[in-house]
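Residue-level structure breakdown
One-letter residues, chain by chain:
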Amino acid sequence: RLIAEVETAAACVGCIDNEGFALLESRIGEGSKAAARRSGLRTLVRRSELDFHFILSEYCPNPLLAFQSRFLTDLLRDFIEFGAEGEADFDRFTEDNRQYHADLLAALRAEDEPAVRRIMTDHMRSAHCHTRSLFAKIAPSLLLQETETA
């Protein structure tokens with residue numbers, strides 16, 4: 001993600017229309033609302049945050065980068081599970097993501113490519129650290145299940 005997401009975001013500079021900015025902004029707000037309601041909504045919060053990245057990839061003019069970003073986002077959305085422990089760490093991850101997304105949106109609107117690259121790089125490094133600290137794991141449904149043969 002450190003390469004694909006950064007390059008996707010940089011490629012989007014100057015390519016996002018008002019509708020795209022509104023969609024991206026709505027994902028920031030949705031994640032914040034879900035975090036505020038919190039109880040049992042971890043999956044909703046993470047999905048909303050990942051939707052931000054999916055929407056961003058929809059505006060990427062490079063089809064290969066867009067595909068890579070969507071693929072990685074789908075993998076994370078569908079197959080990464082977080083442990084039940086670490087409520088404070090989860091909240092910190094959520095707030096960090098919200099801030100990175102808001103900063104990224106501002107940089108995209110300003111068409112400031114160096115800032116977009118810097119923010120997305122920092123965001124991907126932060127997300128990696130948070131994911132590891134929250135003991136995220138691959139959902140069993142991603143792994144092939146052994147089947148019985150007759």
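Keep in mind it's a predicted model, so treat the numbers as computed, not measured.

Definitions and cut-offs
Residues numbered from 1 in each chain as written. Predicted model: local features only at pLDDT ≥ 70, side-chain atom pairs only at ≥ 80, totals over all residues. Heavy atoms only, no water. Salt bridge = Lys/Arg side-chain N within 4 Å of Asp/Glu carboxyl O. Helix = DSSP H or I, 4+ residues; strand = E, 2+ residues; numbered from the N terminus. Buried < 20%, exposed > 50% of the residue type's maximum accessible area, 1.4 Å probe, protein only. Phe/Tyr/Trp six-rings, centres within 6.5 Å; stacked < 30°, edge-to-face > 60°. pLDDT = per-residue confidence, 0-100. Core = buried A, V, L, I, M, F, W, Y, C linked by side-chain atoms within 4.5 Å. Contact = heavy atoms within 4.5 Å. Disulfide = S-S within 2.5 Å.

Counted by the stated rule, this structure contains seven salt bridges. R117 is paired through a salt bridge with E7; the nearest N and O atoms lie 2.7 Å apart. Note that R117 is positioned in helix α6 (residues 113-133) and E7 in helix α1 (residues 4-11), a separation of 110 residues in sequence. Overall, R117 belongs to the partly exposed group, its relative accessible area being 29%. Across the salt bridge formed by E95 and R98, the nearest N and O atoms sit 3.0 Å from each other. With E95 and R98 both in helix α5 (residues 87-109), this residue pair falls three residues apart, about one helical turn.

When you tally the buried positions in α1, you get six out of eight residues, the bulk of the element. Of all the positions in α1, only A4, E5, V6, T8, A9 and A10 are classed as buried.

Before going further, it helps to spend a moment on the packing of aromatic side chains. Tallying each qualifying case throughout the model produces one aromatic pair. For the ring pair F67 and F71, a centre distance of 6.2 Å and an interplane angle of 20° mean the geometry is stacked. Here F67 pairs with F71, and both are found in helix α4 (residues 63-79), just four residues apart, close to one helical turn. Under the relative-accessibility criterion, F71 is labelled partly exposed at 45%.

Another point: the confidence of the model for the chain. Segments scoring low in pLDDT should not have their predicted coordinates read at a detailed level. For the chain, the mean per-residue pLDDT works out to 81, and 72% of the residues sit at or above 70. Mean pLDDT across the elements of the chain bottoms out in strand β2 (residues 137-138) (49) and peaks in α1 (96).

Counting 24 residues, the largest nonpolar core has I16, L56, L104 and L108 as the members making the most contacts within it. The leading source of residues in this core is α6, at five residues. When near neighbours in sequence (up to four residues on either side) are disregarded, L56 contacts A9, C12, I16, L24, L104, L108 and M120.

Unusually for a residue other than glycine, E111 sits at a positive phi of about 55°. Here E111 shows up in the loop between α5 and α6. Residue E111 is classed as exposed on the basis of its relative accessible area, which comes to 52%.

Here we come to the state of the cysteines. Under the definition given, this model contains zero disulfides. Cysteine C12 remains unbridged, with the sulfur of C60 as its closest cysteine sulfur at 4.9 Å. C15 forms no disulfide, and the closest cysteine sulfur to it belongs to C12, at a distance of 6.4 Å. We classify C15 as partly exposed; its relative accessible area is 35%.

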